[in-house]
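Chain by chain, the residues:
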Amino acid sequence: MSSDFKGRNQKNTVGFRFAWNGIVWVFKAERNFRIHLAFALLVIVSAFLLKVSLWEWTAIMIIISLVLTLEMINTAMERLLDHFHPEIHPVIGSIKDITAGAVLVASISSVFIGLIIFLPKLFAL
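Now for a quick tour of the structure. (Residues numbered from 1 in each chain as written. Predicted model: local features only at pLDDT ≥ 70, side-chain atom pairs only at ≥ 80, totals over all residues. Heavy atoms only, no water.)

**Regarding the overall build of the chain**
Cut-off, in case you're wondering: Where helices and strands are cited, they refer to DSSP runs of H or I of at least four residues and of E of at least two residues respectively, numbered from the N terminus. All radius of gyration figures rest on C-alpha atoms, and the globule criterion is 2.2 Å times the number of residues raised to 0.38.
If you tally the helices and strands in the chain, you get four helices and zero strands. The helix and strand sequence of the chain, counted from the amino end, reads α-α-α-α. Here the C-alpha radius of gyration of the chain, 19 Å, is well above what a compact globule of 125 residues would show, namely 14 Å. Oriented by its inertia axes, the alpha-carbon framework of the chain measures out at about 55 × 55 × 20 Å.

Structural data, given as structure tokens:
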């Protein structure tokens, strides 16, 4: 019984390690991910300085995680499609455009959410 628990714990650790490796890989390989991450850190520091509310923190963290997650999914999709179909193809191109568009939609939404949260606080200074 204890060995089963131990094996399950090791499996979870291995799964986490693979997931972390994926994050590190995207960070090293994808300039857009690093740009999104830099803006996320700027927003987090600003939120601390401007003392945002709990609900504002919730919105900020949700949109940051959404943008970063979509950027990772976009990267994974591009790599997968390039691996299985390295030649230029209109359907492959449209799939890549759609996933990049999802990142763009989330990024634009994040700007508006940031404006809604931060502008009133900046005007109050």
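Still more ground to cover, so stick around.
**Structural notes on unusual backbone geometry**
Keep in mind that most residues, glycine aside, have a negative phi and that most peptide bonds are trans. At K51, a position not held by glycine, the phi torsion is positive, near 50°. Take K51: it is sitting in the loop between α2 (31-49) and α3 (54-84).

**Thoughts on α3**
It helps to recall that an α-helix has 3.6 residues per turn; residues three or four apart then point in one direction. The following threshold applies: Multiplying one less than the number of residues by 1.5 Å gives the expected span of a helix. The buried label goes to any residue with under 20% of its type's maximum accessible area, the exposed label to any with over 50%, and the partly exposed label to all in between, with areas taken from a 1.4 Å probe on protein chains only.
For α3, which comprises 31 residues, the first-to-last C-alpha distance of 45 Å matches the rise-based estimate of 45 Å (1.5 Å per residue) to within 8%. When α3 is considered as a whole, its buried residues turn out to be E56, I60, I63, I64, V67, L68, E71, N74, T75 and L81.

**Observations concerning the packing of α3 against helix α4 (residues 90-123)**
Describing two packed helices takes the angle between their axes plus the distance from one axis to the other. Under the convention used in this document: All axes here are fitted lines through C-alpha atoms, helices being fitted over the stretch that makes contact, and every angle between N-to-C directions spans 0 to 180 degrees. Here the angle decides the label: under 35 degrees means roughly parallel, over 145 means roughly antiparallel, 65 to 115 means roughly perpendicular, and every other value means oblique. With the far helix as reference, a near helix turned anticlockwise by less than a right angle produces a left-handed crossing, and one turned clockwise produces a right-handed crossing. For this scheme, ten residues count as nonpolar: Ala, Val, Leu, Ile, Met, Phe, Trp, Tyr, Cys and Pro. Four count as charged, namely Asp, Glu, Lys and Arg, and the remainder, Gly too, count as polar.
Taken N-terminus to C-terminus, the directions of α3 and α4 make an angle of 165°; their axes are 9 Å apart at the nearest point. Taken together, the axes of α3 and α4 lie roughly antiparallel to each other. When the axes of α3 and α4 are compared, the crossing they make is left-handed. Split into classes, the residues belonging to the contact of α3 with α4 amount to 17 nonpolar, five polar and six charged.

**Considerations on the nonpolar core**
As a reminder of what qualifies: Residues belong to one nonpolar core when they are buried, are Ala, Val, Leu, Ile, Met, Phe, Trp, Tyr or Cys, and are joined through side-chain atoms within 4.5 Å. In this description, contact between two residues means that some pair of their heavy atoms is separated by no more than 4.5 Å.
Membership of the largest hydrophobic core is limited to eleven residues, which are V26, F33, A40, A47, L50, V52, I60, I64, L68, I117 and F118. Broken down by secondary-structure element, the contributors of at least two residues to this core are α2, α3 and α4. Setting aside its immediate chain neighbours within four residues, F33 contacts V26, F27, L68, E71 and M72.

**A short note on the pattern of salt bridges**
Pairing between side chains of opposite charge can happen when the charged atoms of each approach one another. Our working rule: One side-chain nitrogen of Lys or Arg within 4 Å of one carboxyl oxygen of Asp or Glu is enough to make a salt bridge.
All told, the structure shown has two salt bridges when counted by the stated rule. Between K121 and E56 there is a salt bridge whose closest N-O contact spans 3.2 Å. Residue K121 is found in helix α4, and its partner E56 is found in helix α3; the two are separated by 65 residues along the sequence. Taking the relative accessible area as the measure of exposure, K121 reaches 21% and is therefore partly exposed. For K96, the salt bridge is made with D82, and the minimal N-O distance between the two is 2.4 Å. Here D82 lies in helix α3 and K96 lies in helix α4, a separation of 14 residues in the sequence.

**A word on the environment of I63**
Tracing the chain through its elements places I63 in helix α3. A relative accessible area of 11% means that I63 is categorised as buried. C-alpha of I63 to C-alpha of H83: the two residues are 20 residues apart in sequence and 30 Å apart in space.

**A short note on a nonpolar patch on the surface**
Applied cut-off: Without a salt bridge and with relative accessible area above 30%, a residue can belong to a patch; like charges are then joined within 9 Å and nonpolar side chains (Val, Leu, Ile, Met, Phe, Trp, Tyr) within 5 Å. Per-residue accessibility takes into account occlusion by the displayed protein chains alone, with areas from the Shrake-Rupley method and a 1.4 Å probe.
Together, L104, I108, V111, F112, L115, L119, L122, F123 and L125 make up a nonpolar patch on the protein surface, roughly 950 Å² of accessible area in all. Relative to the helices and strands, I108 is located in helix α4.

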